[in-house]
Amino acid sequence: MDIHQKIIKLREDLAQHNYNYYILDQPTISDYEFDQLLKELIELEKAHPEFYDENSPTQRVGGTVTKDFPTISHEYRMYSLDNSYSIEDLQDWENRIEKVLGSKTEFVCELKYDGASISILYENGKIKQAVTRGDGFQGDEITPNVRTIRSIPLKLKGDYPQRFHIRGEILMPFKEFDRINAQRRKDGLELYANPRNTASGSLKLQDSSEIAKRKLDCYLYTIVGTNLPFNSQWEMLKAAHSYGFKIPDTARLCHTLDEVLEFIDYWDTERKNLTFPIDGIVVKVNSFALQEELGYTAKSPRWAMAYKFKAEQAETELLSISYQVGRTGAITPVANLKPVNLAGTVVKRASLHNADIIEKLDVRIGDMVYVEKGGEIIPKIVEVNLDVRQPDAQKIEFITHCPECHTELIRNEGEAQHFCPNEDGCKPQIIGRMEHYVSRKAMDMASIGTETIDLMFENHLVKDAADFYDLKKEDLLPLERMAEKSAQNIIDAIELSKQIPFEKVLYAIGIRHVGETVAKKLARHFKSIENIQNASTEELTDLEDIGEKIALSIKEFFSKPKNIELVQRLKAAGVQMEMGESEQPVSNVLNGKTFLFTGALSHFTREQAQKMVEDHGGKNISAVSKNLDYLVAGEKAGSKLKKAESLGTVQILTEEEFLRMVEG
Ligand code: AMP
Ligand code: ZN
């Protein structure tokens, strides 16, 4: 066998082993043997660059760095799905479509994988291009990153069509999510909130070898193209499977709605045993001819419906309570639970928020409690199972002194939270303020993690945000485990932070109750830190969304000389303390008005429209409610328009009317 033949044979063998492992879940060789074969191929390819193939299994490890992912228009639009939350909704849907079709029909039920959607183009059996969903019309091309995902075939098997797009969901298994977060906790980095966001964030990593290290998976569910050799969803899934794609065998062909409901019922319990996240199931009309007859709304196919599960609960024992001190001195009670499996992860802690919540739940040590998970990392306790309460269960006595610095806690009139008032001597508060300052939504200084701040604090290098700007590389080098490169990264991040816009700086300095949105509002209205400092309570509360509580907190912040000094020092260091020219709103003609865009827009994209609203002082909101002033409806507007009309309080605009309004 000559070298080229040998390389080809190794590639084929490795691709087959890959398939056995990642798609069939039935490896026929050990990981060690696999690695040996891969090593052999890597060496041969290195010695013979003339036989390079971008679809070789060696390319799975990545290495391409993409600075900006190109925007690509989808040849076929990527639609969303309509949602239903109850069995009645689904029954209504079935009635509607069967009225249109004039007969009963078959459905395919699939799991609704909770990750990031992807559309992959295959030509002549090879992966050609992979594009994110984006806004459904166009997305980002992330082909090098997608190549690294082991369950996506680089080359196809069997009798595949010459050209088609296949769509599916890239997702992160729970185990991998937990592994990454455990590592991040060790590195003192902010934890990722959930597997879905982590999957979509991973897809945008610039260095494809970084994404190769994350064990992402991909489940596929739709093929689009012309002259395709199948006539129904069910046939299509079978065909896609035969081409080598990962098509979960959980899908089911249902002949009646009762069978669909059985499927839902089954997965409502069984989803607890899945190794990856789902957020519901998807019901699709099976026949393509009937799908075509039903067509699409502006946003989604009429022939498909998602059914969303209710948040999952688990029952477990409350073992004890610990207390955490936040950067503002707020004390948060945290429940330590007997570990329990919930939505695929093991839960050991739950937030209890404050003393009032503890009282309201009447939760006691030793109680059996129900925990529920929203989108956050930390689940919450929703109820106590009083039927099994032990007679000796002890009421929880809220602590009276700070667990960190032992100062007596205070609780202000009308507030639920306890506070440690020792701002300047309580370590978690001092560290917490600096952590907040460098965090992603504030000054975004990613190279400075919690552990680094702790180390710098312990070595008396920093005690507030302004101290960062006095740091020199020589100060950092003597610190434990501080390499030259990390020290340089820290110095660079500090320098770069001087370009962060004022509204983020205002958020970063950590005035109580001034969150991201409030900071943005204040910055845009008052334009400089001096103006905010000098504003009266009335001037502050005149602004929408700024109430007495926030105004008082701002006044209190600037009443303390040490805060004024902090601001002065930051300003002197070069940190932005006023709005740059380009960040100022263009006008105030939409001041305080709320907007929502729906339907297919033809004059501008949704993002452009939303930016116009912000530029002119208005606000975008996400749903039709009585808080909505204007609904701008494009062509084929659907349920939102209907809802707005039925409310009667929302003014409905065409795109032209909106533009005229903006122009004043
Ligand atoms: P939504 O984002 O809630 O509008 O839901 C639509 C999205 O669900 C699609 O864009 C897909 O990314 C995703 N999805 C997950 N599983 C499926 C499935 N089996 N069939 C179709 N779409 C799915
Ligand atoms: Zn304290």
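Residues numbered from 1 in each chain as written. Chains lettered and ligands numbered in written order. Predicted model: local features only at pLDDT ≥ 70, side-chain atom pairs only at ≥ 80, totals over all residues. Heavy atoms only, no water.

Of the protein atoms, only Cys402 (SG), Cys405 (SG), Cys420 (SG) and Cys426 (SG) coordinate the zinc ion (ligand 2), at distances of 2.3 Å. Its four donor atoms give the zinc ion (ligand 2) angles of 99 to 115 degrees at the centre, a pattern that matches the tetrahedral case. We note that the donor set of the zinc ion (ligand 2) lies within a single chain, spaced as C-x2-C-x14-C-x5-C. A residue pair is termed long-range when its members are at least 10 positions apart, and cysteine 405 in the loop between β18 (394-395) and β19 (418-419) and cysteine 426 in the loop between β19 and α12 (427-438) qualify at 21 residues. Cysteine 426 carries the same exposure label as cysteine 405, and that label is buried. (Donors = N, O, S within 2.8 Å, 3.2 Å for Na, K, Ca; no water. Tetrahedral: all angles 85-135°; square planar, octahedral: opposite > 155°, others 65-115°. Helix = DSSP H or I, 4+ residues; strand = E, 2+ residues; numbered from the N terminus. Buried < 20%, exposed > 50% of the residue type's maximum accessible area, 1.4 Å probe, protein only.)

Accessible area lost on assembly of the parts is the figure often given for the size of an interface. Once the domains are mapped, the protein shows domain 1 (3-61), domain 2 (83-308), domain 3 (311-419), domain 4 (427-499), domain 5 (502-583) and domain 6 (594-662). Each of domain 2 and domain 5 has a C-alpha centre, and the two are 45 Å apart. (Domains from an automatic or database assignment.)

Near ligand 1 there are 14 residues, and of these Glu110, Ser117, Arg133, Glu169 and Lys284 occur at the shortest range. Contact distances for ligand 1 include 3.0 Å between a nitrogen atom and a backbone N or O atom of leucine 111. Summarising the interface, the protein chains cover 85% of the accessible area of ligand 1, which totals 490 Å² for the free molecule. Put simply, the parts of the chain that give the shell around ligand 1 at least two residues each are β3 (107-113) and β10 (278-285). Across the shell around ligand 1, the residue classes tally to six nonpolar, two polar and six charged. (Near = heavy atom within 4 Å. Polar contact = N/O pair within 3.5 Å; in protein donor to acceptor, adjacent residues only side chain to side chain. Areas by Shrake-Rupley, 256 points an atom, 1.4 Å probe, with all protein chains shown as cover. Nonpolar A, V, L, I, M, F, W, Y, C, P; charged D, E, K, R; others polar.)

On to the pairing of strand β8 (residues 217-224). Where burial is concerned, most of β8 is hidden: seven out of the eight residues are buried. In this sheet, β8 lies alongside strand β7 (residues 163-171) in antiparallel orientation, the contact comprising seven bridges. Considered in β8, the bridge of isoleucine 166 is made with isoleucine 223. (Pairing = 2+ DSSP bridges.)

Attention now moves to the sheet that holds strand β21 (residues 619-620). Strand order in the open sheet made by the four strands is β21-β20-β22-β23, with parallel pairing throughout. In the strand order of this sheet, the two ends are held by β21 and β23 (651-653), each with one partner. Where strand β20 (residues 594-598) meets strand β22 (residues 630-633), four bridges bridge the pair, whose relative direction is parallel. Bridging across to β22, threonine 598 finds its partner in alanine 633. Packed on one face of the sheet, helix α23 (residues 639-647) meets β20, β22 and β23 and runs near 145 degrees to β22. Together, β20, β22 and β23 form the strand contacts of helix α24 (residues 655-662), whose direction differs from that of β23 by roughly 100 degrees. (Contact = heavy atoms within 4.5 Å. Axes fitted to C-alpha atoms, helices over the stretch in contact; angles between N-to-C directions.)

Turning our eyes to something else, we now look at the pattern of salt bridges. Per the stated rule, a full pass over the model turns up 41 salt bridges. Between aspartate 279 and lysine 112 there is a salt bridge whose closest N-O contact spans 3.6 Å. Highlighted residues: aspartate 279 in strand β10 and lysine 112 in strand β3, separated in sequence by 167 residues. For the residue pair aspartate 279 and lysine 112, the accessibility class agrees, reading buried in each case. What you see here is one network of salt bridges that share partners, running through Asp362, Arg364, Asp367, Arg389 and Lys395. (Salt bridge = Lys/Arg side-chain N within 4 Å of Asp/Glu carboxyl O.)

As a further point, take the side chain of asparagine 385. Relative to the elements of secondary structure, asparagine 385 occurs in the loop between β17 (380-384) and β18. On the basis of relative accessible area, asparagine 385 is assigned to the buried category, the value being 11%. Separated by 2.8 Å, the side chains of asparagine 385 and glutamate 315 make a polar contact. Polar contacts involving the side chain of asparagine 385 include one to the side chain of tyrosine 370, which spans 3.4 Å. Sequence-distant contacts of asparagine 385, defined by excluding residues within four places in its chain, comprise Glu315, Met368 and Tyr370.

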